[in-house]
Amino acid sequence: MDTFRVRITGRTVVETAAVLLAVAGLIVLSIQASQQAFSNSDIQIAQWVRSLGFPGLSIILSLANALTAAPIAITLWVVVMALLVLRGRPLEAMAVFSVSGLWLANLFLRILVDRPRPSPEIIEVVEFSGGASFPSGHVTAAITFYGLLTFLTIYNLRRGHLRVALPVLSVLIIGLTSLSRVYVGAHWPSDVLGAYLLGLIGLAGIAWIYSSIKEDTFHLPRLRRKQPAPLPDGIKIARSIASTVYLDARAGTAAKEYNPPRLVRGLYWLAFQAPFPYQRRREALEAAAAKRKIASLLTKHQFGHDMVAAFYEIRNGGSNYQFVTELIPGTSPKSNREIEDTLSNLYSYSQEVGLPTWQISPGNPHAYSNFIRTPQGDLKLIDLESTLVSFSPPWKQLLAYLRDGHFPVFDDVDFVRLRNYVNSHASELKQSLGPSGLEELGQAIDAAERSTQAWKEREPRIWGRLASRVYRRLDMSKVFQGIGRRLDRAEAMAEALLKGGIDRWEREGRIDGQRAASLRETLATSEVRSLLKHLGAHLVLSLALRFPFGSASRFAWVLTFRLKARYDLAKGRVTKEEYRAARSVHSIPVMLVSLIPGLGTIAYFASSTMIRTGLARMLIDQFAYKLPFGLYRRLRLARITAPRLLKPAARAQQALQMPLLKPDQLKPGVVTRSVGPQEREEQKSCVNC
């Protein structure tokens, strides 16, 4: 243990010394830059960089330069923060947000030093712009943003491709950006060095604060509180930001009384326009008790043992209620890293069943404080109730929360998902919990839903109701469900469309019976059958979605399957011949035609398979035949799309070969005409003549 402490202390001293040296170097470099526009070293290094003549170097450096320019850099910064929030990583999102402070520091330092940019008289300048030069804004943005992403990845991921790929990509972008700013003559090499020093100082500060919060070694000073009244023997007090817990070892109970500060109460009021619920709303505490029972039974089913401290009662403590639970003996983990696997498994399972996740989220720096490790080594969740409103719902539960009006999020349950899980896993739950346990779980879900509804109906919840209303207006789930159901019979739709065209051509006398039979046999080949499902999918998408969504979805369909074929070839899942066949089906002409409104519905007529088999013309004619207002017949488009009518003799011969239809064989909606004896004799005489 002593050796470990010495190592930590020695590393801390080295890191502190490195930061102090960087600060001193930045100060010296800033003073020099303010007094001297450039140095001989700047000119020599800049000329050497300009002399580099690798093929394609200018294009690569231009790309790196664009990635760190303000429009793309700010866009990526916002996108990454949004993704971290949706992934339940608010601390990481705040760390990325703090990068903006370093960008402002860079701007302030440039104004303070006011060093002129390189001029064309001294060095060749490709990109010239006004303003100060020291330090380089592009390089500062690259180091702070990509450097911080690298730190967060290495700190939080133990393994995986991202742990290696992101640092390599970050180093590449930072290096190329540094080179590009000198290559185009926008900055001196010392400007780039100043950006490195500023970025490293800022990153060291952000990394120290982040890791200290994650490891719970960073504590803000707290105001002195008024001393409480003396307590009976055997009762101890544990405090948190919003509650006081009375620990009674003799009774084996932990009575939590909520006394949130003004900030916590203010956040809740802004979110839901109501007082903090766990103080004076009994129905809110009853909902919390039922959620504990649900979590208790489900963890027993999933992990083999009950992981939640039991609920006992709700006491009326006078001004506030007390939420009494089981007192779990043991010790608290030191940080999230100690119970990282447990947190990840419990977090994923809670998302799957629709339970609240903030108190067990790996992104919550103090999630470990909600657990106790028992003397037997098991982890028990002692605190499942939140105190802070969350504006970062898990990505998997976001749509459900918006649907139910749970925005912002505060200990909300997705009862639709929870009931679906119980129904779909009823046999497994009955086996692990027993019939009585499964019945108890159902009763707990009913109680939680009743109490939650009674609690939330008493609150205005303006933002949640607004979010729910907007969601219902924009909800496309029913449309997608309808598309999914239709896609199951998409191939049959496409086959019926083509068979209808063949029957019509034969009935109109445009092809003889032999040609019709040949086309029907072509429809049955595996090559065409594999194409029909994609043609049917385009029919479904065109019926369900209007322009421009229909065109975009058809284009995306073709592109997706073309890329999938390429991916399968790279993975060795298909042969080269199979890949060529897929590429001929999902061809570039098909992709382009799919964007055309109307005609894009049958875009697969442009595939080489349809053209080679002669079905392309059939498909176009059948599509045109269904145009509204009888335009196909009025404009006589059949002269372009359909084969010419057979000669009278061939048509008569075909009529003789066609079997007569009995009344029970007639298809609804199809106009047919039986041939009488007199007409048959006339046809025979016509053939004989």
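Attention here is on the structure that accompanies the text. (Residues numbered from 1 in each chain as written. Predicted model: local features only at pLDDT ≥ 70, side-chain atom pairs only at ≥ 80, totals over all residues. Heavy atoms only, no water.)

1. Re the pairing of strand 1 (residues 235–239)
As a reminder, the rule being used: Paired strands, in this sense, are two strands between which DSSP finds at least two bridges. The way it works is that DSSP assigns letters per residue, a run of H or I at least four long becomes a helix, a run of E at least two long becomes a strand, and they are numbered from the N terminus.
With five bridges connecting them, strand 1 and strand 2 (residues 243–248) associate as antiparallel partners. Among the inter-strand pairings, Ala-238 is bridged to a residue of strand 2, identified as Val-245. Taking the residues between adjacent antiparallel strands as the criterion, strand 1 and strand 2 are bridged by three residues.

2. Brief notes about the pattern of salt bridges
For clarity, the threshold we go by: Salt bridges are defined by distance alone: a side-chain nitrogen of Lys or Arg within 4 Å of a carboxyl oxygen of Asp or Glu. Burial classification: accessible surface area is computed with a 1.4 Å probe over protein chains only, and a residue below 20% of its type maximum counts as buried, one above 50% as exposed, and the rest as partly exposed.
Throughout the structure, instances matching the rule amount to 25 salt bridges. The closest approach of N and O atoms between Arg-520 and Asp-503, which form a salt bridge, is 2.7 Å. Here Arg-520 is found in helix 20 (residues 513–523), whereas its partner Asp-503 is found in helix 19 (residues 490–508), with 17 residues between them in sequence. The exposure class assigned to Arg-520 is partly exposed, which follows from its relative accessible area of 33%. Assessed through its relative accessible area of 27%, Asp-503 is described here as partly exposed. Ionic contacts of the salt-bridge type, sharing partners, join the residues Arg-403, Asp-404, Asp-414 and Arg-417 into one network.

3. Some thoughts on the sheet that holds strand 5 (residues 321–326)
To be explicit about the condition: Helix axes are fitted to C-alpha atoms over the stretch in contact, other axes to C-alpha atoms as well, and angles between N-to-C directions run from 0 to 180 degrees. By the convention used here, residues are in contact when the closest approach between their heavy atoms is within 4.5 Å.
Spatial strand order, 1-2-3-5-4: five strands in an open sheet with antiparallel pairing. Only two strands of the sheet have a single neighbouring strand rather than two, namely strand 1 and strand 4 (311–316). Averaged over all adjacent pairs, the angle separating strand axes in this sheet is 25°, with direction ignored. Strands strand 4 and strand 5 of the sheet are contacted by helix 12 (residues 282–303), whose axis makes an angle of about 10° with strand 5.

4. A few points about a nonpolar patch on the surface
Just so we agree on the cut-off: Like charges within 9 Å and nonpolar side chains (Val, Leu, Ile, Met, Phe, Trp, Tyr) within 5 Å are joined into patches, using only residues over 30% in relative accessible area that form no salt bridge. Note on areas: Shrake-Rupley with a 1.4 Å probe; residue coverage comes only from the protein chains shown.
On the surface, Leu-263, Leu-267, Trp-269, Leu-270 and Leu-388 cluster together to form a nonpolar patch covering roughly 510 Å² of accessible area. Its location among the elements puts Leu-270 in helix 10 (residues 262–272).

5. As for the pairing of strand 3 (residues 253–258)
The buried fraction of strand 3 amounts to six of the six residues, a majority that puts the element mostly inside the structure. Alternating positions in strand 3 separate into two faces, Thr-253, Ala-255 and Glu-257 on one and Ala-254, Lys-256 and Tyr-258 on the other, with burial throughout. Joining the antiparallel neighbours strand 2 and strand 3 is a turn of four residues, in which Gly-252 adopts a positive phi near 70°. One ladder, built from five bridges, connects strand 3 with strand 5; its direction is antiparallel. From the neighbouring strand, Ala-255 faces strand 5, where its bridge partner is Val-324.

6. Quick look at the side chain of Ser-542
Formally: As used in this structure description, the phrase polar contact means that two N or O atoms lie within 3.5 Å; if the pair is within protein, one of them must be able to donate a hydrogen and the other to accept it, and residues adjacent in sequence are counted only when both atoms belong to side chains.
The topology assignment puts Ser-542 in helix 21 (residues 526–544). For Ser-542, a relative accessible area of 16% gives the class buried. For Ser-542, the side chain forms a polar contact with the side chain of Thr-601, separated by 3.1 Å. Ignoring anything within four residues of it in the chain, the contact list for Ser-542 reads Arg-554 and Thr-601.

7. Re helix 4 (residues 70–86)
In an α-helix, one turn spans 3.6 residues, which is why side chains three or four residues apart end up on the same side. Here is the rule: Any helix carries an expected span of 1.5 Å times its number of residues minus one.
With 17 residues, helix 4 extends 24 Å between its outermost C-alpha atoms, agreeing within 8% with the 24 Å of an ideal straight helix rising 1.5 Å per residue. For helix 4, the set of buried residues is Ala-73, Trp-77, Val-80, Met-81, Leu-84 and Leu-86. At its buried positions, helix 4 is contacted by helix 3 (57–67), helix 5 (90–97), helix 6 (99–113), helix 7 (137–156) and helix 14 (398–404).

8. A short note on the packing of aromatic side chains
Note the threshold: Centres within 6.5 Å make a pair out of two Phe, Tyr or Trp rings, where for Trp the six-membered ring is used; the pair is then stacked when the planes are under 30 degrees apart, edge-to-face when over 60, and tilted otherwise. Cation placement over rings: the criterion is NZ of Lys or CZ of Arg within 6 Å of the ring centroid and within 35° of the ring normal.
In this structure the tally under the stated criterion is 20 aromatic pairs. Arranged with centres 5.9 Å apart and planes meeting at 80°, the rings of Phe-276 and Phe-410 form a pair that is edge-to-face. Placement of the pair is Phe-276 in the loop between helix 10 and helix 11 (277–280) and Phe-410 in the loop between helix 14 and helix 15 (415–424), with a sequence separation of 134 residues. Here Phe-276 matches Phe-410 in class, with each residue buried. These aromatic residues form a ring-pair network of at least three members: Tyr-258, Tyr-268, Phe-272, Phe-276, Tyr-278, Phe-410 and Trp-455. Here Arg-461 stacks its cationic end above the ring of Trp-455, 6.0 Å away from the centre of that ring.

9. Quick notes on the nonpolar core
A general tendency of soluble globular proteins is for nonpolar side chains to be buried together. Which entries qualify depends on this criterion: In this text, buried Ala, Val, Leu, Ile, Met, Phe, Trp, Tyr and Cys residues form a nonpolar core when linked through side-chain atoms within 4.5 Å.
Counting residues in each nonpolar core, the largest one holds 38 residues, and the members touching the most others are Trp-77, Val-96, Phe-145 and Leu-148. At the level of elements, helix 2 (40–50), helix 3, helix 4, helix 5, helix 6, helix 7, helix 8 (161–183) and helix 9 (189–214) are the ones that each hand at least two residues to this core. Looking at this core element by element, the count peaks at 10 residues for helix 7. In this view, Leu-148 contacts Ala-95, Val-96, Val-99, Ile-143, Leu-203 and Ile-206; residues no more than four positions away in its chain are not counted. If you look at the next biggest cluster of nonpolar residues, it comprises 31 residues, including Met-307, Ile-339, Ile-360 and Leu-418.

10. Focus: a positive patch on the surface
Rules: By the counting rule applied here, Lys and Arg register as positive and Asp and Glu as negative, while His and the ends of each chain are not counted. Where a charge sits is defined by one atom per residue type, namely NZ (Lys), CZ (Arg), CG (Asp) or CD (Glu).
Taken together, the side chains of Arg-566, Lys-576, Arg-580 and Arg-583 make up a positively charged region of the molecular surface. Take the positive patch: its biggest share by element is three residues, from helix 23 (residues 576–585). You can see Lys-576 is positioned in helix 23. Residue classification places Lys-576 among the exposed residues on the basis of a relative accessible area of 55%.

11. Section: the packing of helix 6 against helix 7
What counts, and what does not: Just so you know how the angles are binned, under 35 degrees is roughly parallel, over 145 roughly antiparallel, 65 to 115 roughly perpendicular, and the rest oblique. Whether a crossing is left-handed or right-handed is set by the direction in which the near helix is turned from the far one by less than a right angle, anticlockwise for left-handed and clockwise for right-handed. Note on residue categories: nonpolar means Ala, Val, Leu, Ile, Met, Phe, Trp, Tyr, Cys or Pro, charged means Asp, Glu, Lys or Arg, and polar means any other residue, Gly included.
At a minimum axis distance of 10 Å, the contact between helix 6 and helix 7 shows a crossing angle of 160°. It follows from the interaxial angle that helix 6 and helix 7 lie roughly antiparallel. Note that helix 6 runs across helix 7; the crossing there is right-handed. In this structure, helix 6 uses Val-99, Leu-102, Trp-103, Asn-106 and Arg-110 to contact helix 7, whose residues at the interface are Gly-137, Thr-140, Ala-141, Thr-144, Phe-145 and Leu-148. Grouping the amino acids of the contact of helix 6 with helix 7 by side-chain chemistry returns six nonpolar, four polar and one charged.

12. Regarding the packing of helix 4 against helix 6
Close contact between helix 4 and helix 6 brings their axes to 12 Å; oriented N to C, the two are set at 155°. In terms of their interaxial angle, helix 4 and helix 6 are classed as roughly antiparallel. Taken together, the residues of helix 6 that come into contact with helix 4 (itself represented by Ala-73, Ile-74 and Trp-77) are Val-99, Ser-100 and Trp-103. In terms of residue class, the contact of helix 4 with helix 6 is built from five nonpolar, one polar and no charged.

13. Notes on unusual backbone geometry
Residue Phe-407 is joined to Pro-408 through a cis peptide bond whose omega torsion reads -5°. Mapped onto the fold, Pro-408 is located in the loop between helix 14 and helix 15. If you check the backbone angles, Gln-273 has positive phi at about 55° while not being a glycine. The residue Gln-273 is located in the loop between helix 10 and helix 11 in this model. Of note, the phi angle at Arg-461 is positive, near 50°, even though the residue is not glycine. Owing to a relative accessible area of 5%, Arg-461 belongs among the buried residues under this scheme.

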